[in-house]
Amino acid sequence: MTQAIDFALVLAAPWILPGLGLTLMFREMVLSIQRDTFWLLPTLLLILPLQLPASVCRREEPICFPKINPSLSRDGDLVIGSFLPLYAVKVSNVIEAALFTSQPNKDCRSYQWFHKNFQQVITIRFAVEEINKDPLLLPNISLGFQIYNAYHSDARTLESSLQWLTGRTQPVPNYSCRRQDKSVAVIGGATSALSVQMGTLMELYSFPQLSFGPFDPILSDKTQFPSLYQMAPRDFSLLRGVVQLLVHFKWTWVGLVTTDDLRGEEFLWEVTKEMARYDVCASFIEKIPVSERRHEESAVEFMPRIIESAARVVVIHGDTDSLMVLRHSQLPFVPTYKVWITTSHWDITMRPNYVDNYNFHGALTFTYLTSEVPGFKSFLKTVNPDKEPEDIVLKEFWLSAFQCQDKYEKLELEQCAPNATLEDLPIFLYEMNMSGLSYTIYNAVYAVAWALHEMLLRTSEIASEENGESWVPHPWQLHAFLKDIQFNNSAGDQVFMNEKRSSEAQYDIRNYMTFINDTEFLVKVGQFIPNAPPGQDFIMCEECIDWGWIDSKVPRSVCSDSCTPGYRKSTKKGEPICCFSCSPCPEGEISNQMDVDHCVKCLEDEYPNKERDHCLPKTVTFLDIGDPLGITLSLIAVSFSLLTTLVLWVFVKFRETPIVKANNLVLSYTLLISLTLCFLCSLLFIGRPTAATCLLRQTTFGIVFTVAVSSILAKTIMVVLAFRVINPGSRIRMWVHSRVSIFIVLICSGIQVILCGIWLGTSPPFPDLDPYSQPGHIIIQCNEGSDIAFYCILGYMGFLALGSFIVAFLARNLPDTFNETKLISFSMLVFCSVWVFFLPTYQSTKGKAMVTVEIFSILASSAGLLGCIFIPKCFVILLRPERNTQEGIKKKVNLKG
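Model, not experiment: these values are computed from the prediction.

Parameters at a glance
Residues numbered from 1 in each chain as written. Predicted model: local features only at pLDDT ≥ 70, side-chain atom pairs only at ≥ 80, totals over all residues. Heavy atoms only, no water. Helix = DSSP H or I, 4+ residues; strand = E, 2+ residues; numbered from the N terminus. Buried < 20%, exposed > 50% of the residue type's maximum accessible area, 1.4 Å probe, protein only. Contact = heavy atoms within 4.5 Å. Areas by Shrake-Rupley, 256 points an atom, 1.4 Å probe, with all protein chains shown as cover. Core = buried A, V, L, I, M, F, W, Y, C linked by side-chain atoms within 4.5 Å. Disulfide = S-S within 2.5 Å. Axes fitted to C-alpha atoms, helices over the stretch in contact; angles between N-to-C directions. Parallel < 35°, antiparallel > 145°, perpendicular 65-115°, else oblique. Left-handed = near helix turned anticlockwise from the far one by under 90°. Phe/Tyr/Trp six-rings, centres within 6.5 Å; stacked < 30°, edge-to-face > 60°. Polar contact = N/O pair within 3.5 Å; in protein donor to acceptor, adjacent residues only side chain to side chain. Nonpolar A, V, L, I, M, F, W, Y, C, P; charged D, E, K, R; others polar. Pairing = 2+ DSSP bridges. pLDDT = per-residue confidence, 0-100. Salt bridge = Lys/Arg side-chain N within 4 Å of Asp/Glu carboxyl O.

**Description of the overall build of the protein chain**
Summing up its helical and strand segments, the protein chain has 26 helices and 27 strands in all. Expressed as a percentage of its 897 residues, the buried residues of the protein chain come to 52%. Excluding contacts between residues fewer than 6 apart, the proportion of contacts in the protein chain whose partners are at least 24 apart in sequence is 71%. Approximately 42000 Å² of the protein chain is accessible, and the part contributed by carbon and sulfur atoms is 59%.

**Some details on the nonpolar core**
The biggest cluster of nonpolar side chains holds 87 residues, and the ones touching the most others in it are F118, L143, L210, F397 and L422. Here the element with the most residues in this core is helix α16 (residues 436-457); it accounts for 13 residues. If we skip the residues at most four places from it in the chain, L143 touches D75, G76, L78, I80, V128, I131, N132, L138, A449 and L452. Listed in part, the 65 residues of the second largest apolar core include V650, F790, M797 and M850.

**Quick word on unusual backbone geometry**
For N140, which is not a glycine, the phi torsion comes out positive at approximately 65°. Among the structural elements, N140 can be located in the loop between α7 (118-133) and β5 (143-149). The backbone phi angle of D279 is positive, close to 55°, even though this residue is not glycine. On the basis of relative accessibility, which here comes to 22%, the residue D279 falls in the partly exposed class.

**As for the state of the cysteines**
Tallying each qualifying case throughout the model produces seven disulfides. Put simply, C281 and C578 are joined by a disulfide, and their sulfur atoms are 2.1 Å apart. Since a negative S-S torsion denotes a left-handed disulfide, the C281-C578 link at about 95° is right-handed. One end of the pair, C281, is in strand β10 (residues 281-288); the other, C578, is in the loop between β19 (567-571) and β20 (580-584), and 297 residues separate them in sequence. As a non-bridged cysteine, C678 has C681 as the owner of its nearest cysteine sulfur, 5.5 Å distant.

**Brief notes about the packing of helix α10 (residues 238-248) against helix α11 (residues 262-277)**
Where α10 meets α11, the axes come as close as 10 Å, and the angle between the chain directions of the two elements is 40°. With respect to α11, the axis of α10 lies oblique. In the packing of α10 onto α11, the handedness of the crossing is right-handed. Together, L239, R240 and V243 of α10 and F267, E270, V271, E274 and M275 of α11 make up the contact between the two elements.

**What about the packing of aromatic side chains?**
Taken as a whole and judged by the stated rule, the model has 33 aromatic pairs. For the pair F118 and F397, a centre-to-centre distance of 4.3 Å together with 10° between the ring planes defines the contact as stacked. Taken together, the positions of F118 in helix α7 and F397 in helix α15 (residues 392-401) put the pair 279 residues apart, joining distant regions of the chain. Neither F118 nor F397 differs from the other in exposure class; each is buried.

**Focus on the side chain of S583**
In this structure, S583 sits in strand β20. Side-chain polar atoms of S583 contact the side chain of S570, separated by 2.7 Å. With residues near it in sequence (within four places) discarded, S583 still touches G566, Y567, R568 and S570.

**Side note on the packing of helix α18 (residues 628-653) against helix α20 (residues 665-681)**
Look at α18 against α20: their axes get within 8 Å of each other, and the N-to-C directions meet at 165°. Between α18 and α20, the interaxial angle falls into the category roughly antiparallel. Every pair of crossing elements has a handedness; the one defined by α18 and α20 is left-handed. Only L665, S668, Y669, L672, I673, L675, T676, F679 and L680 of α20 make contact with α18, whose side of the interface consists of A637, F640, S641, T644, T645, V647, L648, F651 and V652. When its residues are assigned to classes, the contact of α18 with α20 shows 13 nonpolar, five polar and no charged.

**Considering the pairing of strand β12 (residues 339-342)**
Of the two faces of β12, the one holding V339 and I341 and the one holding W340 and T342 are both buried throughout. Here strand β11 (residues 313-317) runs beside β12; their pairing, made up of four bridges, is parallel. In the strand pairing of β12, I316 is matched with T342. With two bridges joining them, β12 and strand β13 (residues 364-368) adopt parallel strand pairing. Note on β13: the bridge partner recorded for T342 is T365.

**A short note on the pairing of strand β26 (residues 766-770)**
The sheet contact formed by β26 and strand β27 (residues 777-783) spans five bridges and is antiparallel. Of the residues in β27, the one forming a bridge with P767 is C782. Remark: six residues form the turn of the hairpin made by β26 and β27, two consecutive strands paired antiparallel; G776 in that turn has positive phi of roughly 85°.

**Thoughts on α10**
Within an α-helix, residues lying three or four positions from one another point in the same direction, as the helix has 3.6 residues per turn. Taken across its 11 residues, α10 has eight buried, putting it largely inside the fold. Taken residue by residue, α10 has L238, L239, G241, V242, V243, Q244, L245 and L246 as its buried positions. Positive phi shows up at K250, right after α10, with a value of about 60°.

**Overview of the sheet that holds β12**
On the basis of which strands lie adjacent, the open sheet formed by eight strands has the order β10-β9-β11-β12-β13-β16-β17-β18 and mixed pairing. Across the chains shown, the open sheet's two edge strands, defined by having one partner strand only, are β10 and β18 (538-540). Neighbour-to-neighbour, the strand axes of the sheet open up by a mean angle of 30°, direction not taken into account. Across seven bridges, the pairing between strand β9 (residues 253-259) and β10 is parallel. Counterpart to V254 in the pairing with β10 is A282. Together, β9, β10 and β11 form the strand contacts of α11, whose direction differs from that of β9 by roughly 160°.

**Topic: the confidence of the model for the protein chain**
Averaged over all residues, the pLDDT of the protein chain is 78; the fraction at 70 or higher stands at 77%. Contacts of residues 1-56 to residues separated by more than four positions or lying in other chains number 66 contacts, the stretch itself having pLDDT below 50. Scored below 50 in pLDDT, residues 58-68 makes 23 contacts in the model with residues more than four places away or belonging to other chains.

**Here we look at the environment of P881**
Examined against the element boundaries, P881 turns out to sit in the loop between α25 (848-879) and α26 (886-896). For the pair P881 and T657, spaced 224 residues apart in sequence, the C-alpha separation works out to 9.4 Å.

**Thoughts on the pattern of salt bridges**
Any two side chains of opposite charge can pair, so long as their charged atoms come close to each other. Across all of its chains, the model carries 21 salt bridges by this definition. Of the charged contacts in the structure, one is a salt bridge between D216 and R263, with a shortest N-O distance of 3.9 Å. One end of the pair, D216, is in the loop between β7 (209-211) and β8 (228-230); the other, R263, is in helix α11, and 47 residues separate them in sequence. A relative accessible area of 4% means that D216 is categorised as buried. Its salt-bridge partner being E286, residue R305 comes within 2.6 Å of it at the nearest N-O pair. One end of the pair, R305, is in helix α12 (residues 295-308); the other, E286, is in strand β10, and 19 residues separate them in sequence. The class for R305 is partly exposed, based on a relative accessible area of 46%. Exposure remark for E286: the relative accessible area of 8% places this residue in the buried category.

This is the structure:
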């Protein structure tokens, strides 16, 4: 606080005790306070508006000042100040760089040119001369400019700003050596940091500051920066374009390099969020410190980590000056085998030395897509220091760019590249195409000119004040006109000063190529237009890209090898999503692309191939009558039905014989007819299922088999009743009648018919497709509709068969020659055995096998009934006729007796 008071007293001293001695004392005090309390300057500048005595203003400049901090100016009625990053001073001590004092003479040439940025100086000259020649824009008023170097340093930026404000090499705060201040605006701020540093001072005087650096939302806050205008287009979509580039080439494991500042943190936050949407991961994040700008000393720390990382692709974000450390840290002629992706804020071609260009060979860089300004290239071809001997900065640039080191002292241009032009320089030193920053500066100059034009049109008196000097507007008066200016530049693009109406930046994607003869090219290989329709916003020409030292093919940058078709990605616990293992697709699913997260199921009528990378159409299958199995079963069914018909014929023909008459002729006929139908009903199960066959299959089978089993049950009951009738006085005689047996068959069969009717009325069978039971096949089958109804029919039929077996088994020893209960017992045993084994087998099979099992059960059980009951009788009737007579029966009885 004491220092601040002392400084205020010193600033007031020229008003109290004017004199040269006190003025010199004042200067020494200022220099001392600058070294100790640099942070107090913005506050102290507001204390008193003072004027410096003329004797101090006439002080001579140091000899090496043009080399330490050159300024270039063109006089005019109105002047635009500009601060451009032309070069950086090499310092060995950070404290020394922060002082306002000049460097010792031995360090006069200790600086590094940013040659390509000299185009920005030429752009201001071109724009000002173009405006001065325009009779419609600022008529009768000439526009001038003053250009100062902008150091990427808080202290030196403030020093340059004070030099411009005071007109002195050794600036004294709040003093001006200018007789008349004609400055109206400032163009500067190649980066957000420089804009803030300059704005701290410019805001004190309400100078309009037009920033030409990358768009920064923080600078749009008019509460903090009311006098600052951003000329660059919005670049919010830049990171989206970068991620689209990564996704296009399937790069999922990439490194991120950015500056260690607020803008770098914002980029990391946004780009990692956008990368996560596409499963792209950051292998490493490297933040470059930007405070000291001591490139040679900072390079060693982080560059080995970048080079040794597993990621083959590295995304770089930051401004040219902050990232110059990358250029200082390169080893000449040692390729890094990395693919570098750079954003539009960094000029990849700028470097401190002539050789260090091979490491970035094959890089892809986003550059602003700008329109060509008419006449600019022609103007560049005319630039030559011989034509402008008073331009010391141009001479310095020329000698440095054309490597005339031995001519520096005498500035002998005649012997330095005679007849040379800017067009002869390589692109890392100079480029004939207007850069994005130069294009923004060009628009900024015109924005000031149009604002002045509008302001002067509305002012009635623009010249001739009482003192006879020309009228110059105050800088703060320009804001009212500057903030709403919009115009079309000579390239045909519309320029808005209102940042809310500023357009979104568009980008060319260029491939950086270098060759053995040190020639370099930036070849356009793609384009990113954020506002274009989907599919047209990102365009790439892969064939146009030279990948440099890595490969002729697109390099790979992944954490895990890709999963081939037929496999899917499985994340590893505790690792990024980009690091995964590959698992085969589950059963019934496929993947036909690389690196899929999930396999997809085939359609119902398709199935996966062996590799599980595509689906094949399923084969429609059913028990076709044309198949060998279908033909065999059909022949068996027809053969047995014919055999049953033959047995029926035998029984009809020999119906008068004792063996036929003794076993209830009507029931025998009924049983044989039902068995014939049982064999034939199996044919309903062969062939393509239809609605009719599905309705008839099980119901026909159930009814005809119930009739057959009911007939056998009636036979058995009638045999038992017949033996009971022979007892004297038995009342059962009335039941021994053929009509009783018919009633038994009708009643038992009728119950089955009722069950089938209920089944068909509630949930009838229908044709159905089964695409899942057998891989590669679609089974056409009959859906039973109601499994309960189906098993009720089988259960009822089994109940009748079991009853027949029990009755026949109990009556097997009844003494009678023609007693067939033994045959019935054995036939029922076969019948029940077949259907008991049928149930589990039927449940465990699908498709044709299931149908085959049921057909086999039908044929086997029917054949068992036919063979066990009727074949022995046919044997006697046809081959042992002597046993089928009364005499033979008596003889057999006598022999037994």
